[in-house]
Amino acid sequence: MKLNDKMLKALNEQINFEWYSAYIYQSMGAYFKGMNLNGFSNWMDVQAKEEMTHGFKIYNYVFDRGNQVELLAIDKPQASWKTIADVFSVALEHERKVSSRFFDILELCRELKDYSTENFVQWYINEQVEEESTVQEILERIEFAGDSKEFILMLDNELGQRVFTGGAFAASEM
Ligand code: OFO
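Colleague: Please give an account of the side chain of Gln47 that cites residues and values.
Modeller: Looking at the secondary structure, you find Gln47 in helix α2 (residues 38–64). Residue Gln47 is classed as buried on the basis of its relative accessible area, which comes to 2%. Contacts of Gln47, omitting those with residues within four sequence positions, involve Tyr25, Glu95, Glu131 and Arg162.

See the structure below:
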């Protein structure tokens with residue numbers, strides 16, 4: 001059964017927001033790359049790829065429901081930050097915004113009695129718990145490091161180990 005117009009609009013906008021998220025993280029990656037913090041940059045590159053898969057999962061779902069996707073303009077992301085901690089606190093705020101957008105979509109599912117989309121959106125609701133907690137943990141560790149360059153370089157080394165494993169299309173997520 002086709003999506004209700006309101007739901008189609010919300011999902012089209014969410015595809016846009018996920019790809020905007022990718023753009024934000026890629027911009028953060030570029031910022032770190034410019035500072036030669038290549039581990040932080042790698043972490044952001046992987047995050048940007050994950051966000052692309054989040055958008056694609058919705059993209060595919062819209063077509064599966066017999067509707068047409070409409071791609072919207074993506075906003076220009078922020079390009080510089082005051083401190084490393086500032087980057088992650090902006091990221092955390094962004095993820096909280098993403099979570100609340102999914103809560104709104106969930107509300108709309110219930111209002112429209114669209115149980116298929118409610119079931120679909122549940123994956124994102126669960127994913128957001130992890131998204132928020134991962135960013136929060138890194139932020140807390142950066143704050144803990146304070147002025148210690150040694151600790152920051154250790155963290156850079158650790159974040160450099162992150163590997164893209166398919167995001168929303170990883171075998172364990174299907
Ligand atoms: Fe798509 O989870 Fe972050 O934004």
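Colleague: An account of unusual backbone geometry is needed here, citing residue identities and associated values.
Modeller: Even without a glycine there, the phi angle at Asn36 is positive, about 60 degrees. In this structure, Asn36 sits in the loop between α1 (5–34) and α2. For Asn36, a relative accessible area of 60% corresponds to the exposed category.

Colleague: Pulling in residues and values, what's your account of the environment of Phe88?
Modeller: On the secondary structure map, Phe88 appears in helix α3 (residues 84–112). A relative accessible area of 0% means that Phe88 is categorised as buried. Residues Phe88 and Ile138, 50 residues apart in the sequence, show an inter-C-alpha distance of 7.4 Å. Residues in contact with Phe88, not counting those within four places in the same chain, are Phe32, Phe40, Trp43, Met44, Val135, Ile138, Leu139 and Ile142.

Colleague: So what about the nonpolar core? Which residues, and what values?
Modeller: Membership of the largest hydrophobic core comes to 51 residues, with the highest contact counts inside it found for Phe32, Phe40, Phe88 and Ile142. Put simply, the parts of the chain that give this core at least two residues each are α1, α2, α3, α4 (115–145) and α5 (149–159). Top element by residues in this core is α1. It accounts for 14 residues.

Conventions and cut-offs
- Residues numbered from 1 in each chain as written.
- Predicted model: local features only at pLDDT ≥ 70, side-chain atom pairs only at ≥ 80, totals over all residues.
- Heavy atoms only, no water.
- Helix = DSSP H or I, 4+ residues; strand = E, 2+ residues; numbered from the N terminus.
- Buried < 20%, exposed > 50% of the residue type's maximum accessible area, 1.4 Å probe, protein only.
- Contact = heavy atoms within 4.5 Å.
- Core = buried A, V, L, I, M, F, W, Y, C linked by side-chain atoms within 4.5 Å.

From the geometry alone we can't say anything about function, so treat these as descriptive.
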